[in-house]
Structures are given as C-alpha cells and as structure tokens.
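Secondary and tertiary structure notes
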Amino acid sequence: MMMSRVYTTYVWQLPVTTEAARAGGVDLFGYPKFVADIDFIEDGDWTTVSLAENDQKILQLRGNKLGTKPGKQTRYLSYNLENGTPLIAEFLVNPISFGQTMGGESAMLELGSGHPISETLKQIGLSKQAVLYQYIPKAELILFPAENIRD
C-alpha cells in the first residue's frame, strides 16, 4: 500500500463533534458516526488528541510534530457496512505538509477503560506504539460518494 499510495481501510467507528456531521456522514455515506468530545492540545513538539463520549475516556493519541514537506497524492478506499450492505467510498488526499516515520516512539496510544470502544480495542491487542506514523498538518481532500459493492 505504501508503494502504490493506495490504502484500504475499514471504518468501524467514526467520532465527530456535531450532530450535523454525524447525520451527514450516516445519511450520505453510511458511516458509523457518533457524536463525541474530541480535544486537541498542542504542547511544544507534540500534539495530543483525546476522545471521550459522555465524559468517559475512549482513548488519547499523542504524536510528534515531524518535519514536513509536500507529499504525494494518496488514494484511500474506505469500506463500511450500512444496514448489512457493504459500501465503498474513495477519497483522494493531497498532503500539502507531510511527514512520516516508521516504528519508534513518534506516536503513542493510551486507551481508556470501561467504554465499549476502548474495551474492544484492548481485546484485540492493539499496540500502544505505531508501526507507521504520518503527520499531515495541512491537506486537501476529496471524498467521492459511497457505492454499494454487493450489487
């Protein structure tokens, strides 16, 4: 995927901060969106994002602000289910500012406890360290309509 710059993803949960964003993503693209608290904190060379729902911590992700340069256009194929129907949506990303590193401690994940999402992520053994970390502070994105892949 890295060599072709075409990444495939499965969208299992997709937090957003407003009801309008939730409704639009669900109605237009079938994404499993939910309204949550998403907070970003800039601290020197690091950015930390915290995700919570109903005051219950789901996770916290901390990433290093890597040096950037313009990146190459990347294509993502996003899969999800809408009422049991498999959908695919394509989006193109033009990373205006892009940095990437593999391994190391450039990104760290901390899971909350008690929330169904954090508990599921613990059960599957999700690593606290990233295998690949991309830092994209500025990008342009085009999201194309979702299509039914069963028919």
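Below you will find a few notes about this structure. (Residues numbered from 1 in each chain as written. Predicted model: local features only at pLDDT ≥ 70, side-chain atom pairs only at ≥ 80, totals over all residues. Heavy atoms only, no water.)

On to the overall build of the protein. Per the secondary structure count, the protein includes 2 helices and 11 strands. When the helices and strands of the protein are read in sequence order from the N terminus, they spell out β-β-α-β-β-β-β-β-β-β-α-β-β. Computed over the C-alpha atoms, the radius of gyration of the protein is 16 Å, within 12% of the 15 Å expected from 2.2 N^0.38 for a compact globule of 151 residues. Burial statistics for the protein: of 151 residues in total, 30% are counted as buried. Counting only contacts in the protein whose residues sit at least 6 apart along the sequence, the fraction spanning at least 24 positions is 59%. On the protein, the mean spot of the 13 positive side-chain charges and the mean spot of the 17 negative ones are 8 Å from each other. (Helix = DSSP H or I, 4+ residues; strand = E, 2+ residues; numbered from the N terminus. Rg over C-alpha atoms; globule rule 2.2 N^0.38 Å. Buried < 20%, exposed > 50% of the residue type's maximum accessible area, 1.4 Å probe, protein only. Contact = heavy atoms within 4.5 Å. Lys, Arg positive; Asp, Glu negative; His and termini not counted. Charge placed at Lys NZ, Arg CZ, Asp CG, Glu CD.)

In this structure, Phe34, Ala36, Leu51, Ile58, Leu59, Leu109, Ile117 and Leu121 together form the largest nonpolar core, which totals 8 residues. Taken together, the elements giving at least two residues each to this core come down to strand 6 (56-64) and helix 2 (116-123). Setting aside residues no more than four positions away along its own chain, phenylalanine 34 makes contact with Gln13, Leu14, Pro15, Val16, Arg22, Glu53, Ile58 and Ile117. (Core = buried A, V, L, I, M, F, W, Y, C linked by side-chain atoms within 4.5 Å.)

Moving on, we get to the pattern of salt bridges. The tally for this structure, following the rule as stated, stands at 5 salt bridges. Between arginine 22 and glutamate 19 there is a salt bridge, with its nearest N and O atoms 2.7 Å apart. Linking arginine 22 with glutamate 19, this pair stays in helix 1 (residues 19-29), spanning 3 residues, or about one helical turn. Residue arginine 22 is classed as partly exposed on the basis of its relative accessible area of 24%. Glutamate 19 sits in the partly exposed class, given a relative accessible area of 44%. Here glutamate 110 ties to lysine 57 by a salt bridge, and the two come within 2.3 Å at their closest N and O atoms. In this pair, glutamate 110 sits in strand 9 (residues 107-111) while lysine 57 sits in strand 6, placing the two residues 53 residues apart along the sequence. (Salt bridge = Lys/Arg side-chain N within 4 Å of Asp/Glu carboxyl O.)

Judged by side-chain polarity, Met2, Met102 and Val131 come together as a nonpolar surface patch covering roughly 320 Å² of accessible area. Here valine 131 lies in the loop between helix 2 and strand 10 (132-143). For valine 131, a relative accessible area of 67% gives the class exposed. (Patch = residues over 30% accessible without salt bridge, like charges linked within 9 Å, V, L, I, M, F, W, Y side chains within 5 Å. Areas by Shrake-Rupley, 256 points an atom, 1.4 Å probe, with all protein chains shown as cover.)

Attention shifts here to unusual backbone geometry. Backbone geometry places aspartate 55, a non-glycine residue, at a positive phi of 65°. By secondary structure assignment, the location of aspartate 55 is in the loop between strand 5 (46-53) and strand 6. Backbone geometry places asparagine 83, a non-glycine residue, at a positive phi of 55°. Of note, asparagine 83 is situated in the loop between strand 7 (74-82) and strand 8 (85-102).

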